[in-house]
Structures are given as structure tokens and as C-alpha cells.
Amino acid sequence: MSIFTPIGLPLMKNEKWGGIRVVSKLRRKSGGKITHTKKWSKTEASSRGWMIEHGLRRSFFQGEVCPICGEMRVKTYYRHPFSVPAHLPKGHWLLSDCLCIKTERSYERAKKQRLLSTALPDPMPPGLRGHSFRTFKVTELNREAYTSCQTFVRNFSSIGEGRGILLLGRSGTGKTHLASAIANGLKDKLRVSFACAPILLEKMRTSNVDLDELLSADLLILDDIGSERPSGWTMERLLLIVDGRLTNLKPTVFTSNYELEDFEIRLGMRAASRIIGNNLHLYLEGPDYRLSRGRGL
Ligand SMILES: [Zn+2]
């Protein structure tokens, strides 16, 4: 009787010795030809040293029949590829998969694959999903901010040290549109998070907000900073976010209706200095803005 081991060594029952005879095909000198035979006692043949020497990982002829499908499940001993503390076993036994286990596994795998392939939820609020650079109305008053934001998206991967953008200007000048265009341009490839500052701070006050997601997102849009009612508490929370983003070296795009001079009062000195100092300032101006401020081109 001859049974083949997983690496193809025929094992023959030696009638006379009651042990296992191994025909070694592994000898290099013989070029793989069967020239060498040696008698092994059963204990020798299954000893660990012998198995290692022959590159074997398997025990022989052990296993059990699956009561459901009737397929033979081979029992295999897997040695740990690293050294383990003396009191622990050197490896562990595993049974090979029978038909019913294989079927179940492939079903589980397909299920996992389906879950992975479904797209992540859109980070943008429904009303801002349509905002792109193409739908932005470019005028002489906002062209510079517009092109700078486009460059930001194009070069996003090479922007380091958490440097982001601070979009400034009166309400209605398109700050949120540009910030959304940046987010929409990157959200398919990167983890983007969007938050309206006053709403976020209110949410933080009343419930648990997943700060990790805000701090670790590849890009965070923090819309409308300064609009929240300033208090020690809101300033502290805002500083936590701004500081956390900088520590993680992740860029943030801020928008605000307020002048830089008002930042310290609205946001607190520390958050204000970090936001002003670490971001590119882009001013968006509209016709009304120009008239009332007497500023323009
Ligand atoms: Zn089975």
C-alpha cells in the first residue's frame, strides 16, 4: 500500500518493521530520482525533527469524516513559523475544509465582498452635493479664489503639514459653494468630512460627536466658523478640532463671514491664531460687498 504525502513522498507500510518507509525525492544529488530508500520507525517518521528536515508540515492519515457531506477532512498540524514560549504548543491542529464548509466560506466571502463594494455614504449634505467648480459662477471678483481652490484640489496629495484654506467674504459670495466644490472633487478618492461649525458645536453640546472621524478625515470642511455664539466652551471645542487637525497634519477648509480682525473675539485667541497662521486666505467679493465696503479692483 502506498499513500502520497502532500509533497509527494510515497509512504509505504513496511510489513516487516511495522513502520513507515520513506522514498526520498528531496535529495539534490540524485536529481530527484529515487535512489535512496531508508527505513523509518513510526515514531521516527512522525517526529518533529524529521518533519522539519523533510519540509513536512503534515501528520499522516489523520482526520475525520464530515457527518453532513461525508467528505474526509484531513487533520493537519501547522507549526508556528516563529518561536513560541516554552509553555505553549509549537503549533496547532487544523482540519481541512469539507464541501459544506467550503460552500459556507465562499458564501461568507461573497457577502463581505458585496459589503465592501457598496459605496461609502456621501459626506456632503444633500443640498451641497451639486456644487462643483463647473457650476460656480466665475467673475473678476472671485477668479483668484476660484483658481486657487482648483489648484488645491489638483495638488492635494502634495500639500503637507495640514495647510488648508480660509475662505473669507460676506454671505452670498460663494464661499460654501467653493468649499463644497473642493469636497466634492476629493470625496471619491479620500475621506472627506463636512461640518457646519455652529451646528457641529451645538451637536457637541447636546450629544456625543465622533471626534475621531473629524480629526482623522483626509479633508475637513468647517463651514461658517465664528457664527456660533462665542463662549469659553465653544472656543475650547473649536480649538480641540483645529489643534487635532494640525497634529494629524490634515488640512481643513474653513469658511467665515467674519473679518480676520474679529476672529479673536469670535473664536478665541488660540484657535484664531492657528486658523489664520496655517491657511491660505482667499477673499471672495461680490458686487454688494464692493459697494458697501468701497473696496474692489
Ligand atoms: Zn461537510
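Definitions and cut-offs
Residues numbered from 1 in each chain as written. Predicted model: local features only at pLDDT ≥ 70, side-chain atom pairs only at ≥ 80, totals over all residues. Heavy atoms only, no water. Phe/Tyr/Trp six-rings, centres within 6.5 Å; stacked < 30°, edge-to-face > 60°. Helix = DSSP H or I, 4+ residues; strand = E, 2+ residues; numbered from the N terminus. Buried < 20%, exposed > 50% of the residue type's maximum accessible area, 1.4 Å probe, protein only. Lys NZ or Arg CZ within 6 Å of the ring centre and 35° of its normal. Axes fitted to C-alpha atoms, helices over the stretch in contact; angles between N-to-C directions. Parallel < 35°, antiparallel > 145°, perpendicular 65-115°, else oblique. Contact = heavy atoms within 4.5 Å. Nonpolar A, V, L, I, M, F, W, Y, C, P; charged D, E, K, R; others polar. Donors = N, O, S within 2.8 Å, 3.2 Å for Na, K, Ca; no water. Tetrahedral: all angles 85-135°; square planar, octahedral: opposite > 155°, others 65-115°.

(A) Main features of the packing of aromatic side chains. Tallying each qualifying case throughout the model produces three aromatic pairs. Where F133 meets Y146, the ring centres are 5.7 Å apart and the plane angle is 80°; that geometry is what we call edge-to-face. With F133 in the loop between α3 (99–117) and α4 (143–154) and Y146 in helix α4, this pair connects stretches of sequence that are 13 residues apart. A relative accessible area of 13% means that F133 is categorised as buried. Ring geometry for F152 against F156: centres 5.6 Å apart, planes inclined by 85°, an arrangement best described as edge-to-face. Neither residue differs from the other here; F152 and F156 are each classed as buried. Between K75 and the ring centre of W93, over which it is positioned, the NZ or CZ distance is 4.6 Å.

(B) Summary view of the packing of helix α6 (residues 197–206) against helix α8 (residues 232–247). With their axes 11 Å apart at the nearest point, α6 and α8 run at an angle of 105° to one another. Classified by the angle between their axes, α6 and α8 sit roughly perpendicular to one another. Of the residues in α8, those in contact with L200, L201, M204 and R205 of α6 are W233, T234, R237, L238 and I241. Partitioned by chemical class, the residues of the contact of α6 with α8 number six nonpolar, one polar and two charged.

(C) Local environment of the coordination of the zinc ion. The protein atoms that coordinate the zinc ion are C66 (SG), C69 (SG), C98 (SG) and C100 (SG), at distances of 2.1 to 2.4 Å. Every donor counted, the four donor atoms about the zinc ion form angles of 102 to 116° at the centre, which fits tetrahedral coordination. Donor residues binding the zinc ion come from one chain and are separated in sequence as C-x2-C-x28-C-x1-C. On the criterion of sequence distance, the pair formed by C66 in the loop between β5 (63–65) and β6 (72–79) and C100 in helix α3 is long-range, its members being 34 residues apart. Among the residues examined, C66 registers a relative accessible area of 7% and is labelled buried.

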